[in-house]
Amino acid sequence: MAKMKHMGYGPNQDFPGQSTAATVNQRQATIRMITADYCGDGYSFTEDGTHLDWENLAETVSPDAPPSWSDIEALWDEDGAVCLSNPRLATLAQVAVRCTLPTCTTQMVTTEQHEWTSWRLPLAD
């Protein structure tokens, strides 16, 4: 919840660039993305210390440097991942046991409705 508020998605704060709070759907997408709830069923595929970058649709939250497309994790909406390419702490097969998601493509960034894009970053040496 603290990360969500820090990103401007708290229920009682103005969303960056707006004079109203983030919508329920925007907050739900944020929680699902932060917790790696790919399937939208409450099961988390992450843990503290996992290296990620993320960017919201409004670009009020974005990485310092654009990550490589090959590191894309997922696109997110209020129901969980819209697509999934590089899960955080699981394989695609392990996630597929819970739900089936398409692999992310560059076209989906402009054609699929989503609130967040996340990237799984390589561990630093």
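Just so we're clear, the structure is a prediction, and the values are computed from it rather than from any experiment.

**Regarding the environment of Ala-22**
Then comes step 1: With respect to the helices and strands, Ala-22 occurs in the loop between helix H1 (2–6) and helix H2 (24–35).
Then comes step 2: Along the backbone, Ala-22 and Gly-8 are 14 residues apart, and their C-alpha atoms lie at a distance of 7.8 Å.

**Some details on the sheet that holds strand E2 (residues 72–77)**
Then comes step 1: Read across the sheet, four strands follow the order E1-E4-E2-E3 without closing on themselves; strand pairing throughout is antiparallel. The sheet terminates laterally at strand E1 (52–56) and strand E3 (80–84), the two strands that pair on one side only. Here the strands of the sheet are splayed against their neighbours by 25° on average, with no regard to which way each runs.
Then comes step 2: The pairing of E1 with strand E4 (residues 116–120) spans five bridges and is classified as antiparallel. Within the sheet, the bridge partner assigned to Asp-53 lies in E4 and is Trp-119.

**Concerning the state of the cysteines**
Then comes step 1: Counted by the stated rule, this structure contains two disulfides.
Then comes step 2: The partner cysteine of Cys-39 in its disulfide is Cys-99, sulfur to sulfur 2.1 Å. Negative torsions about the S-S bond denote left-handed disulfides, and the value of about -75° found for Cys-39 with Cys-99 makes this one left-handed. Here Cys-39 is found in the loop between H2 and E1, whereas its partner Cys-99 is found in the loop between helix H3 (92–96) and helix H4 (108–111), with 60 residues between them in sequence.
Then comes step 3: What makes Cys-39 buried here is its relative accessible area of 18%.
Then comes step 4: Disulfide pairing is shown between Cys-83 and Cys-104; the S-S distance is 2.2 Å. Between Cys-83 and Cys-104 the disulfide shows an S-S torsion of about 100°. By sign, it is right-handed. Here Cys-104 lies in the loop between H3 and H4 and Cys-83 lies in strand E3, a separation of 21 residues in the sequence. Here Cys-83 matches Cys-104 in class, with each residue buried.

**With respect to the packing of aromatic side chains**
Then comes step 1: Scanning the model with the defined rule gives three aromatic pairs in all.
Then comes step 2: On the basis of an interplanar angle of 20° and a centroid distance of 5.5 Å, the ring pair of Tyr-38 and Trp-76 is categorised as stacked. Of this pair, Tyr-38 sits in the loop between H2 and E1 while Trp-76 sits in strand E2, and the two are 38 residues apart along the sequence.
Then comes step 3: Under the relative-accessibility criterion, Tyr-38 is labelled buried at 1%.
Then comes step 4: Taken together, a centroid distance of 4.8 Å and an interplanar angle of 65° make the contact between Tyr-43 and Phe-45 edge-to-face.
Then comes step 5: A residue is classified by how much of its surface remains accessible, and Tyr-43, at 40% relative accessible area, is partly exposed.
Then comes step 6: The buried category is assigned to Phe-45, whose relative accessible area is 8%.

The rules behind each value
Residues numbered from 1 in each chain as written. Predicted model: local features only at pLDDT ≥ 70, side-chain atom pairs only at ≥ 80, totals over all residues. Heavy atoms only, no water. Helix = DSSP H or I, 4+ residues; strand = E, 2+ residues; numbered from the N terminus. Pairing = 2+ DSSP bridges. Axes fitted to C-alpha atoms, helices over the stretch in contact; angles between N-to-C directions. Disulfide = S-S within 2.5 Å. Buried < 20%, exposed > 50% of the residue type's maximum accessible area, 1.4 Å probe, protein only. Phe/Tyr/Trp six-rings, centres within 6.5 Å; stacked < 30°, edge-to-face > 60°.

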